[in-house]
Amino acid sequence: MLDPLRQLLRRPDQPAEYCATIVVMSAVTKLDALAIVALAVDRPVERQRTMRPFVPLDEARDGRGAWVEIEIPKFGEPPPLAIDVYSTVSDDHARLQALTLMAQLEQYTGWSIRPDFTV
């Protein structure tokens, strides 16, 4: 009898998040960078006007997928701009999505971008 009640009270497990970061050596604001990423991948910016806006990279299946979040330098630090590509699938999936995004952004913007992970 208590088992169903325990299941209702139990918090759902959060899926693991894998992250691959690409680094842009250009001075750009977070809002502009999110807009540029959204245009480059032809996807909308989700959760606008929140602390963690993001751009989805692929169709989520069963809550699994990839998305982009952007970290900006703090306290007036100069570039680089870190673009974090998250995946709930695997580390390899995050890296593949990051490399694909890197190629799209280089073609779309002319930015100089490098992966912050071994290829």
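Residues numbered from 1 in each chain as written. Predicted model: local features only at pLDDT ≥ 70, side-chain atom pairs only at ≥ 80, totals over all residues. Heavy atoms only, no water.

(A) Up close: the pairing of strand S4 (residues 81–87). Of all seven residues that make up S4, six are buried, and the element is covered over most of its length. In this sheet, S4 lies alongside strand S1 (residues 18–24) in antiparallel orientation, the contact comprising seven bridges. Looking at the pairing, Ile 22 lines up with Ile 83 of S4. Note that strand S3 (residues 66–71) and S4 share six bridges and pair antiparallel. The partner of Ile 70 across the bridge, within S4, is Ile 83. (Buried < 20%, exposed > 50% of the residue type's maximum accessible area, 1.4 Å probe, protein only. Helix = DSSP H or I, 4+ residues; strand = E, 2+ residues; numbered from the N terminus. Pairing = 2+ DSSP bridges.)

(B) Spotlight on the sheet that holds strand S2 (residues 55–56). With antiparallel pairing, the five strands of this open sheet are ordered in space as S2-S3-S4-S1-S5. Bordering the open sheet on either side are S2 and strand S5 (113–115), each of which pairs with just one other strand. With three bridges connecting them, S1 and S5 associate as antiparallel partners. Looking across to S5, one finds that Val 23 is bridged to Arg 114. Taken strand by strand, helix H3 (residues 91–109) contacts S1, S3, S4 and S5, and its axis lies near 25° from that of S1. (Contact = heavy atoms within 4.5 Å. Axes fitted to C-alpha atoms, helices over the stretch in contact; angles between N-to-C directions.)

(C) Expanded view of H3. The first and last C-alpha atoms of H3 sit 26 Å apart over 19 residues, in line with the 27 Å expected at 1.5 Å per residue. Restricting attention to buried positions, one finds in H3 the residues His 93, Ala 94, Gln 97, Ala 98, Leu 101, Met 102 and Leu 105. Here the buried face of H3 lies against S1, helix H2 (30–41), S3, S4 and S5. For H3, the N-terminal capping position is held by Ser 90, with its side-chain oxygen 3.5 Å away from the main-chain nitrogen of Asp 92. With its phi angle positive at about 85°, Gly 110 sits one or two positions after the end of H3. (Expected span 1.5 Å × (residues − 1). Polar contact = N/O pair within 3.5 Å; in protein donor to acceptor, adjacent residues only side chain to side chain.)

(D) Looking closely at the pairing of S3. The buried count for S3 comes to five of six residues, which makes it a mostly enclosed element. Here S2 pairs with S3 via two bridges, running antiparallel. Considered in S3, the bridge of Val 55 is made with Val 68.

(E) Just the nonpolar core, in detail. Counting 26 residues, the largest nonpolar core has Ile 22, Val 68, Ile 83, Leu 101 and Leu 105 as the members making the most contacts within it. Of all the secondary-structure elements, those providing two or more residues to this core are S1, H2, S3, S4 and H3. When residues in this core are grouped by element, the largest group, six residues, is from H2. Those residues within four positions of Leu 105 in sequence are excluded, and the remaining contacts are Ile 22, Ile 36, Val 37, Ala 40, Ile 83, Gly 110, Trp 111 and Ile 113. (Core = buried A, V, L, I, M, F, W, Y, C linked by side-chain atoms within 4.5 Å.)

(F) Representation of the pattern of salt bridges in the model. The tally for this structure, following the rule as stated, stands at three salt bridges. For Asp 91, the salt bridge goes to Arg 95, with nearest N and O atoms at 3.2 Å. With Asp 91 and Arg 95 both in helix H3, this residue pair falls four residues apart, about one helical turn. Residue Arg 114 pairs with Asp 116 through a salt bridge whose shortest N-O separation is 3.7 Å. With a relative accessible area of 41%, Arg 114 lands in the partly exposed category. (Salt bridge = Lys/Arg side-chain N within 4 Å of Asp/Glu carboxyl O.)

Without other data, these values stay purely geometric and don't point to any function.
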